[in-house]
Amino acid sequence: MPRGRFNRRDLISGLAVAASVWPLAVRAQQSGRVRRVGVLMGLTQSDPEGQSRIAAFRKTLQGLGWTEGRDLRTDYYWAAGDVDRTHALAKELVSSAPDVIVVNTPPGLSALRLETHTIPIIFVQVLDASESTVVMNPARPESNVTGFTNSYEYGVSGKWLALLKEIAPSVSRVAILQNPNHPSWVGYQGSIAKTAPLLGLQPIPARVYTPADIDSVLDALARESNGGLLVLPDTFTTVHRDKIVALADHHRLPAVYPLRFFATGGGLMAYGADLVELLRLSASYVDRILRGARPSDLPVQSLTKFELIINLKTAKALGLDVPPTLLARADEVIE
């Protein structure tokens, strides 16, 4: 071909080759880069439940091709159910400028949203992302926030109350235990107020701000007959679950809990989502964001699998005969 003559076919061919080579070159340039992930947990670092969730998170990332210390660095921040500490850690985490943040409590998410509108945030355990104005369009988030809800619609409180009445038919008064600092408190209270009378139950709001409040609430409930307990999902009740379960068993109070580890720790019955699975799912979104996806590419998803755990040993200690139909529906029976 004479010099200076334009050949369209050669130009297109050259562009195609360049397009195929360019991503490889970019990857080669970035191969030495260590990506950074920050994880804000609501539990204490020593909590076995928190460690099991983190182990599932790490294992999933490893299976997706990430190696801690080689191309990935993950920093964990443990708020221990303390609101002030949550805000302080959120500020510290954001100032470290990670590539993506994972948060597993609503208070933690609220604190992070005050600190950044640019760093991608993946949440788990937020009750209703659209209702709480976290994400206006769950199918296509328009901010830096996306994640996984645990499908705890407020109406699930009716299921908890029905299970309590089924396993302990004599219960007529039920204390609703939760820290009012949790943003879902009002929504649950409204749903419970509608459902409880239909089951012949009188709901008693039981606000607990400190561990000492737990003693006061359960002591008062035990002074009258036919009392029961519903513990709502919250970081505070999770952190102090051993105390709550021990006191409920001590006072011989039938209780229903929102998460399986309450029942495996001696509580009567639990019905709720698998939170370890939520951390596994969050790792898949971390992987996609580190590989170039934006939060708006990743729809908010709901975990729909719930599990019913019955502690038959505790039921016998409370003198309760668990109906065979209830045992048949259980995903796990602890004997």
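Residues numbered from 1 in each chain as written. Predicted model: local features only at pLDDT ≥ 70, side-chain atom pairs only at ≥ 80, totals over all residues. Heavy atoms only, no water.

### Overview of the packing of aromatic side chains
Thinking step 1. Applying the stated criterion across every chain, the model contains five aromatic pairs.
Thinking step 2. Ring centres 4.6 Å apart and planes at 45° place the aromatic pair F148 and Y285 in the tilted group. On the criterion of sequence distance, the pair formed by F148 in strand β5 (residues 145-149) and Y285 in helix α11 (residues 275-290) is long-range, its members being 137 residues apart. The two residues F148 and Y285 agree in class, both being buried.
Thinking step 3. Centre to centre, the rings of Y271 and F306 are 5.3 Å apart; their planes meet at 50°, and the pair counts as tilted. Here F306 lies in strand β12 (residues 306-311) and Y271 lies in strand β10 (residues 269-273), a separation of 35 residues in the sequence.
Thinking step 4. The exposure class of Y271 is buried, given its relative accessible area of 17%.
Thinking step 5. Judged by its relative accessible area of 16%, F306 is buried.
Thinking step 6. Through a chain of ring-to-ring contacts, three or more aromatic side chains come together here, namely Y257, F261 and F262.
Thinking step 7. If you follow K159 out to its NZ or CZ, it ends over the ring of Y271, 5.6 Å from the centre. (Phe/Tyr/Trp six-rings, centres within 6.5 Å; stacked < 30°, edge-to-face > 60°. Helix = DSSP H or I, 4+ residues; strand = E, 2+ residues; numbered from the N terminus. Buried < 20%, exposed > 50% of the residue type's maximum accessible area, 1.4 Å probe, protein only. Lys NZ or Arg CZ within 6 Å of the ring centre and 35° of its normal.)

### Quick notes on the pairing of β10
Thinking step 1. Of all five residues making up β10, five are buried, and the element is well covered by its neighbours.
Thinking step 2. Pairing of strand β9 (residues 255-257) with β10, which is carried by two bridges, proceeds in the parallel orientation. Within the sheet, the bridge partner assigned to Y257 lies in β10 and is A270.
Thinking step 3. Alignment of β10 against β12, held across five bridges, turns out to be antiparallel. Bridge assignment links A270 to a residue of β12, and that residue is I309. (Pairing = 2+ DSSP bridges.)

### Focus: the sheet that holds β12
Thinking step 1. Read from one edge of the open sheet, seven strands run β7-β6-β8-β9-β10-β12-β13, paired in mixed fashion. Edge positions in the open sheet fall to β7 (202-207) and β13 (332-334), since each of these has one partner strand only. Across the sheet, the mean angle separating the axes of adjacent strands is 20° when strand polarity is ignored.
Thinking step 2. Seen against the sheet, helix α5 (residues 156-167) touches β6 (173-178), β8 (227-231), β9, β10 and β12 and runs at an angle of roughly 160° to β10.
Thinking step 3. Contacting β6, β7 and β8, helix α7 (residues 211-222) crosses the sheet at an angle of about 155° to β7. (Axes fitted to C-alpha atoms, helices over the stretch in contact; angles between N-to-C directions. Contact = heavy atoms within 4.5 Å.)

### Brief notes about the nonpolar core
Thinking step 1. Residues F57, L229, L230, Y257, M269 and V286 are the most contacted members of the largest nonpolar core, which totals 82 residues.
Thinking step 2. Here the element with the most residues in this core is α11; it accounts for eight residues.
Thinking step 3. Beyond its immediate chain neighbours, meaning those up to four positions away, Y257 contacts W160, V231, I244, V245, A248, F262, G267, L268, M269, A270 and Y271. (Core = buried A, V, L, I, M, F, W, Y, C linked by side-chain atoms within 4.5 Å.)

### Comments concerning the confidence of the model for the protein chain
Thinking step 1. Confidence along the protein chain averages 86 in pLDDT terms, with 86% of residues attaining 70 or more.
Thinking step 2. Per-residue pLDDT, averaged within each element of the protein chain, yields its smallest value for helix α1 (residues 8-30) (39) and its largest for β9 (98).
Thinking step 3. Under a pLDDT of 50 for its full length, residues 1-30 has, in the predicted model, two contacts with residues more than four places off or in other chains. (pLDDT = per-residue confidence, 0-100.)

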